[in-house]
Amino acid sequence: MQSKDARFDGWFVTAVLTTKIYCRPSCPVRPPFARNVQFYPTAAAAQHAGFRACKRCRPDASPGSPEWNVRGDVVARAMRLIADGTVDREGVTGLAARVGYTTRQLERMLQAEVGANPLALARAQRTQTARVLIETTELPFGDVAFAAGFSSIRQFNDTIRAVCDLTPTELRTRAKTKFGRGEPLSAGALSLRLPVRTPFAYEGLFGHLAASAVPGVEEVRNGAFRRTLRLPAGNGIVSLAPEPDHVRCTVVLDDFRDLATAIARCRRLLDLDADPEAVVDALSADRDLSALVAKAPGQRIPRTVDEPELALRVVLGQQVSVKAARTHAARIVAGYGQTLTDANGGLTHVFPAIGDLAEIDPVHLAFPKSRQRSFVALVTALADGDVVLDAGCDWNLARRQLLTLPGIGPWTAEVIAMRGLGDPDAFPATDLGVLMAARQVGLPEGSRALTEHSARWRPWRSYAVQHLWTALDHEVNHWPPKEK
């Protein structure tokens with residue numbers, strides 16, 4: 001806090017007893033006396049203790065804590081589900097059921113570790129959603145309140161005043177004075193900055209997403225990666241354009257109640273809550289890998305907005321090129337995906353939900369019978385709940401469930417764990433690109449020897465894979481994409 005180190009924004013907040021204000025560690029104001037400072041693990045905990053957000057550094061808009069992406073325990077799983085909006089949709093009882101604990105047990109664990117219960121954490125998220133809508137749209141405040149998840153206008157007004165020390169009208173007036181009206185956007189569109197910790201080597205991340213883009217669902221247009229979203233209350237389209245220290249996000253939603261969920265899923269897609277300094281420090285210690293890490297520090301994992309979708313796409317990509325996998329996925333999307341209208345581009349469909357694929361016709365599966373069996377078995381297992389893939393699932397349990405299905409081996413399970421579930425220590429040791437890159441940089445050859453060597457990279461082996469992929473002359477490393 002005394003050095004104003006922005007790398008720790010989102011890890012914790014600093015609360016000042018004399019002013020009753022909480023800030024980011026990097027807040028530019030003069031540091032208070034140490035005796036007047038308390039530290040809280042989350043903004044929700046500080047709000048619960050009676051502190052309000054600093055108007056200058058806006059701690060509620062900092063990147064999320066990377067801790068919840070690194071850990072696979074119950075608290076981390078619950079925090080990921082809360083960010084996805086589970087409490088607002090299913091209540092605390094539904095959240096507890098998702099992680100396999102009673103409501104009382106879960107509340108006790110969250111209170112002990114993050115200083116707030118699930119309702120307080122969801123309240124903090126609603127407040128941030130409301131603030132985004134107040135500052136970036138002209139929506140009436142009544143619409144803002146219900147879109148953000150508040151149950152009444154009075155609750156909305158009271159919460160905004162308590163947390164921000166400003167009324168909704170004052171917040172909107174202040175934002176217009178400070179930021180102006182911004183760029184003209186289409187009806188229903190919102191534009192916002194997604195904060196990110198630096199360094200941020202976005203070329204490999206966006207290059208991978210662009211190279212594997214499914215026609216109709218994803219595209220690159222005007223320097224941005226665009227894709228459709230299937231959300232709890234409707235559909236959406238998001239446009240993501242990278243900058244060195246943030247990502248510019250423009251999102252169009254059928255229903256503004258989906259805003260918090262859409263933002264959370266975009267952050268997951270781009271792995272924006274990662275801790276790049278920790279990854280760089282750990283992987284640079286290996287002399288065989290240090291040159292690759294130094295070449296492009298701050299790699300992110302190209303993830304997903306929908307875990308079952310990613311799993312199905314990984315199965316479609318077994319033993320075929322990236323281009324062939326895109327073709328297979330596009331055929332399924334055209335046959336079973338819900339259509340939508342994209343006023344600003346060429347997106348036409350939302351990737352089909354698992355229920356839409358329950359009775360899939362083999363005519364849309366133009367690949368070998370063995371992979372057809374794997375694809376259908378995965379769809380059935382996801383529909384029946386025999387395989388659970390979501391933001392809060394148990395990573396190791398998901399691996400075991402996947403490995404029971406025909407045609408799904410360690411490579412498939414590890415890629416799903418890495419890109420779908422966000423396990424930072426997943427390691428697809430038999431991946432052809434990983435093996436080729438390892439040979440190029442002088443790492444041990446062969447999957448078994450490489451797996452043994454990779455123990456020194458833990459718990460960041462997924463990021464080691466991403467660094468190895470950058471050593472290849474492949475379209476996944478080109479951003480913006482080369483003209484074809």
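See the structure above.
Participant: With reference to specific residues and values, describe the overall build of the chain.
Facilitator: Per the secondary structure count, the chain includes 21 helices and 11 strands. Since a compact globule built from 484 residues should have a radius of gyration of about 23 Å, the 22 Å found for the chain is in line with a globular shape. Buried residues in the chain amount to 57% of all 484 residues. Of all intrachain contacts in the chain linking residues separated by at least 6 positions in sequence, the fraction that spans at least 24 positions is 69%. Element-wise, carbon and sulfur atoms account for 52% of the exposed surface of the chain, whose accessible area totals about 20,800 Å². For the chain, the distance from the average site of its 59 positive side-chain charges to the average site of its 52 negative ones is 4 Å.

Participant: Describe the sheet that holds strand β8 (residues 234-242), listing the residues and the values that go with them.
Facilitator: Strand order in the open sheet formed by 5 strands is β5-β9-β8-β7-β6, and the pairing between neighbours is antiparallel. Among the strands making up the open sheet, the edge pair consists of β5 (189-195) and β6 (218-221). Sheet twist, expressed as the average angle between the axes of neighbouring strands with direction ignored, equals 25°. Inspection of the sheet shows strand β7 (residues 224-231) paired to β8 by 7 bridges, in the antiparallel sense. If you follow R226 over to β8, its bridge partner there is S239.

Participant: Run through the pattern of salt bridges, naming residues and quoting values.
Facilitator: Throughout the structure, instances matching the rule amount to 33 salt bridges. Across the salt bridge formed by R71 and E67, the nearest N and O atoms sit 2.6 Å from each other. Taking the relative accessible area as the measure of exposure, R71 reaches 17% and is therefore buried. Take E67: its relative accessible area is 27%, and that puts it in the partly exposed class. Here R71 makes a salt bridge to E113, at a shortest N to O gap of 2.7 Å. Residue R71 is located in the loop between α2 (67-70) and α3 (74-83), and its partner E113 is located in helix α5 (residues 103-114); the two are separated by 42 residues in the primary sequence. A relative accessible area of 38% means that E113 is categorised as partly exposed.

Participant: So, the packing of helix α13 (residues 287-295) against helix α21 (residues 461-469): which residues are in play, and what are the values?
Facilitator: At a minimum axis separation of 9 Å, α13 and α21 run at an interaxial angle of 70°. Comparing the axis directions of α13 and α21 gives the class roughly perpendicular. Facing L289, L292 and V293 of α13, the residues of α21 in contact are A464, H467 and L468. Within the contact of α13 with α21, the residues separate by chemical class into 5 nonpolar, 1 polar and no charged.

Participant: Lay out the packing of α3 against helix α6 (residues 118-136) in plain terms, naming residues and giving numbers.
Facilitator: Running from N to C, α3 and α6 cross one another at 40°; their axes reach a closest spacing of 10 Å. One way to sum up the angle between α3 and α6 is to call them oblique. Pair α3 / α6 crosses with right-handed handedness. From α3, M79, I82 and A83 reach across to α6, where they touch P118, L121, A122 and Q125.

Participant: Quick rundown of α5? Include the residues and the values.
Facilitator: With 12 residues, α5 extends 16 Å from end C-alpha to end C-alpha; this agrees with the ideal 16 Å at 1.5 Å per step. For α5, the full list of buried residues reads L106, L110 and V114. Buried residues of α5 fall within an arc of 30° about the axis and therefore sit on the same side. The exposed set on the far side of α5, more than 90 degrees from its buried face, consists of R104, R108 and A112. Against α1 (43-48), α2, α3, α4 (86-99) and α6 lie the buried residues of α5. G115 sits one or two positions beyond α5 and adopts a positive phi of about 75°.

Participant: A description of the side chain of R303 should follow, citing residues and the corresponding values.
Facilitator: Mapping R303 onto the fold places it in the loop between α13 and α14 (307-316). The charged side chain of R303 is buried without a salt bridge, its nearest counter-charge being D271 at 4.4 Å. In contact with R303, not counting residues within four places along its chain, are L209, R268, L269, D271, M418, R419, G420, L421 and G422.

Participant: Describe unusual backbone geometry, listing the residues and the values that go with them.
Facilitator: In this model, R458 is joined to P459 through a cis peptide bond whose omega is 5°. As for its position among the elements, P459 is in the loop between α20 (447-453) and α21. A cis amide bond links W479 with the next residue in sequence, P480, at an omega value of -5°. Assignment of secondary structure puts P480 in the segment after α21. Non-glycine residue R58 carries a positive phi angle of around 45°. Tracing the backbone shows R58 in the loop between β4 (52-53) and α2.

The rules behind these values
Every residue gets a number counted from 1 within its own chain, in the order that chain's sequence is written. For a predicted model such as this one, the threshold for reporting local features is a pLDDT of at least 70, and the threshold for listing and counting side-chain atom pairs is 80 or more; totals across whole chains, interfaces and linings nevertheless cover every residue. Side-chain descriptors were evaluated using all non-hydrogen atoms of the structure, hydrogens and water having been removed beforehand. Every helix listed is a DSSP run of H or I at least four residues long, and every strand listed is a run of E at least two residues long, numbered separately from the N terminus. Taken over C-alpha atoms, the radius of gyration is set against a globule rule of 2.2 Å times the number of residues to the power 0.38. Burial classes: relative accessible area under 20% of the type maximum marks a residue as buried, over 50% as exposed, and values in between as partly exposed (1.4 Å probe, protein chains only). Contact criterion: two residues are considered in contact whenever any of their non-hydrogen atoms come within 4.5 Å of each other. Using a 1.4 Å probe, accessible areas were evaluated by the Shrake-Rupley method; residue-level cover was limited to the displayed protein chains. Counted charges follow a simple rule, with Lys and Arg positive, Asp and Glu negative, and His plus the chain ends left uncounted. The atom standing in for a charge is NZ when the residue is Lys, CZ when it is Arg, CG when it is Asp and CD when it is Glu. Pairs of strands are assigned from DSSP output, requiring at least two bridges between the strands. Axis lines are fitted through C-alpha atoms, for helices just across the contact stretch, and the angle between N-to-C directions can take any value from 0 to 180 degrees. By definition, a salt bridge exists where a carboxyl oxygen of Asp or Glu is found within 4 Å of a side-chain nitrogen of Lys or Arg. We call two directions roughly parallel when the angle between them is under 35 degrees, roughly antiparallel when it is over 145, roughly perpendicular when it lies between 65 and 115, and oblique otherwise. Gly is put with the polar residues, along with every residue not named as nonpolar or charged; the nonpolar set is Ala, Val, Leu, Ile, Met, Phe, Trp, Tyr, Cys and Pro, and the charged set is Asp, Glu, Lys and Arg. Crossing handedness: left-handed means the near helix sits turned counterclockwise from the far one by under a right angle, and right-handed means the same turn made clockwise. In this scheme, a helix's expected span is set at 1.5 Å multiplied by one less than its residue total. The arc in question is traced by the directions running from the helix axis to the C-beta atoms.

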